[in-house]
Amino acid sequence: MHENKVIDESKQGEALMIESTVKGGKKLFLESYGCAMNFSDSEIVASILKDKGFSTTQDFFEADVIFVNTCAIREGAEQRVRKRLTEYRKAKKTNPDLIIGVLGCMAERLKSQFLEEEKLVDIVVGPDAYRSLPELIEIAETGQKAVNVLLSKEETYADIAPVRLGSNGVTAFISITRGCDNMCAFCVVPFTRGRERSRDPETIVNEAKELFEQGYREVTLLGQNVDSYLWTGGGLKKENPSTEELQNATTFAQLLEKVALIHPDLRVRFSTSHPKDMLDEVLYTIAKYDNICSYVHLPVQSGNSRILEMMNRGYTREWYLNRIAAIRRIIPDAGISMDIITGFCSETEKEHQDTLSLMEDVKYDFGYMFSYSERPKTLAERKYKDDVPSEVKSRRLQEIVDLQVKHSAFRTKQGVGKVHRVLVEGTSKKSKEELFGRNSQNTVVVFPKENYKKGDYVNVMVESCTGGTLIGKAV
Ligand code: SAH
Ligand code: SF4
Ligand code: F3S
């Protein structure tokens, strides 16, 4: 789950504001970093505060409250937040009553340590404690520090209607699970987001229906591992459900189907699939419905089985390639993307070559590629040495990125000369006379506007392309 392609982390942390009609009251400045799940959480936060009469501002010098929703996935993500906090500090000088709060994964990871280190932070709130935000603000207003980093086994915010932030009015995220039970050796998420729990399918379907009625035409179902979605009546996935409970349960494939059945004009996407849990059943459901997009994001992390074992990913190179073969067999036109981590503990040159050769086999449509960044408390930090020198990591990452650029160009070219059904998301950044949208495979398509508009489905005959964008004309 990412909002930025390839490795440009600097694009993370786009400021998103609430377009609220509430006048007066207190002013909130809300900024989000990290993955789609975090952006989706910010929409919950916005909803909770809007109910308390908050309006928003795009200028943090004007704010009564500044909230930054943070990411802890890599060292770099945290450094960016620290830098931002020193900028907020300036606003504190002109407005001593200003309240600054740190939300999200970095808040959860550092807990009250945050208050000690960052003297100018007043509130620290973890991802499962957003319902307590109004109280915490009240405490902070009396000059005390306020912390709530309790993780929950039940919280899914199922009853809160998110305020859509920075929305194009066409596409929206819906969280279907929270937390993660997987314990990949490199990953901080199980520590920052707690145990995995699934959200009541009825509330998911209702949220999607409401979005459709408001004019939205695409929903992306979000979870760290969507394939392990399982609703057995309670929030926390039961360790050993009985046969009866399983018969009445909703699986991810069944949930996808329920959402797809809302309306043929509502596109359904999902992220992220996990290779160890992605079953053929899900692929058959995708193939069965035209409005479930032919696109799977299937992080591989490494092409070498020894490294995968050390990463505790739960699959081998062969298993992963078998899952790719299943996608190609069941959904022949599918777009496939990946995540790769290079330079994980003890990775040899030959093992790095295995990652390149796996990429050569799959020829991904696109990918998100990272250098390994050691995270405190994780299995890898406790058990292994972060022993690949940073120059080696950078060189390997560059080789991976270069190869992916080649493969993206190859895949994009395959789309030329064909008609693509495009959901229009807005006006192209380059020209007001052009619209842009995505095809089912998630590739961006640009074409002359004519009389089409945002939210329309348009059949576009693609005539040319750049590295990652298709260019054509409506037919
Ligand atoms: N739940 C998703 C991934 C969430 S994090 C999944 O299992 O695929 C997004 C990506 O960040 C991961 O897929 C991984 O490629 C990368 N990542 C996670 N921890 C990292 C670390 N410590 N160093 C570098 N990259 C990391
Ligand atoms: Fe992290 Fe692994 Fe869970 Fe993904 S599946 S969030 S990489 S622990
Ligand atoms: Fe997402 Fe970053 Fe947390 S990737 S789950 S915001 S650590």
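Anything mentioned here points back to the structure above.
Colleague: Before we move on, can you summarise the sheet that holds strand 13 (residues 267–271) with the specific residues and values?
Modeller: Sheets are built from strands paired through backbone hydrogen bonds, the pairs being either parallel or antiparallel. Ordered in space as 7-10-13, the 3 strands form an open sheet in which the pairing is parallel. Each of the sheet's edge strands pairs with one partner strand only, and the pair in question is strand 7 (171–175) and strand 13. With strand direction ignored, the average angle separating the axes of adjacent strands in the sheet is 25°. Bridging between strand 10 (residues 218–222) and strand 13 involves 5 bridges; their strand directions are parallel. Directly across from L222, in strand 13, lies its bridge partner S271. The sheet contacts of helix 1 (residues 36–50) involve strand 7 and strand 10, and relative to strand 7 the element is tilted by about 90°.

Colleague: Describe in detail the packing of helix 13 (residues 349–362) against helix 15 (residues 390–414), supporting the description with residues and values.
Modeller: Where helix 13 contacts helix 15, the axes come no closer than 10 Å and their chain directions differ by 10°. Regarding the angle of helix 13 to helix 15, the classification is roughly parallel. Contacts between helix 13 and helix 15 pair E349, H352, T355, L356, M359, E360 and V362 from the former with R395, R396, E399, I400, L403, Q404, K406, H407 and R411 from the latter. Taken together, the residues that form the contact of helix 13 with helix 15 break down as 5 nonpolar, 4 polar and 7 charged.

Colleague: Mind laying out the site of ligand 1, listing which residues take part and the relevant values?
Modeller: Near ligand 1 there are 16 residues, and of these Q224, P299, Q301, D339 and S373 occur at the shortest range. At 3.3 Å from an oxygen atom of ligand 1 is found a side-chain nitrogen or oxygen belonging to R313. When isolated, ligand 1 has an accessible area of 550 Å², and the protein chains bury 93% of it. Those elements giving two or more residues to the shell around ligand 1 turn out to be strand 15 (335–342) and strand 16 (366–371). Residue classes in the shell around ligand 1 are distributed as 6 nonpolar, 6 polar and 4 charged.

So, how was this worked out
- Residues numbered from 1 in each chain as written.
- Chains lettered and ligands numbered in written order.
- Predicted model: local features only at pLDDT ≥ 70, side-chain atom pairs only at ≥ 80, totals over all residues.
- Heavy atoms only, no water.
- Pairing = 2+ DSSP bridges.
- Helix = DSSP H or I, 4+ residues; strand = E, 2+ residues; numbered from the N terminus.
- Axes fitted to C-alpha atoms, helices over the stretch in contact; angles between N-to-C directions.
- Contact = heavy atoms within 4.5 Å.
- Parallel < 35°, antiparallel > 145°, perpendicular 65-115°, else oblique.
- Nonpolar A, V, L, I, M, F, W, Y, C, P; charged D, E, K, R; others polar.
- Near = heavy atom within 4 Å.
- Polar contact = N/O pair within 3.5 Å; in protein donor to acceptor, adjacent residues only side chain to side chain.
- Areas by Shrake-Rupley, 256 points an atom, 1.4 Å probe, with all protein chains shown as cover.

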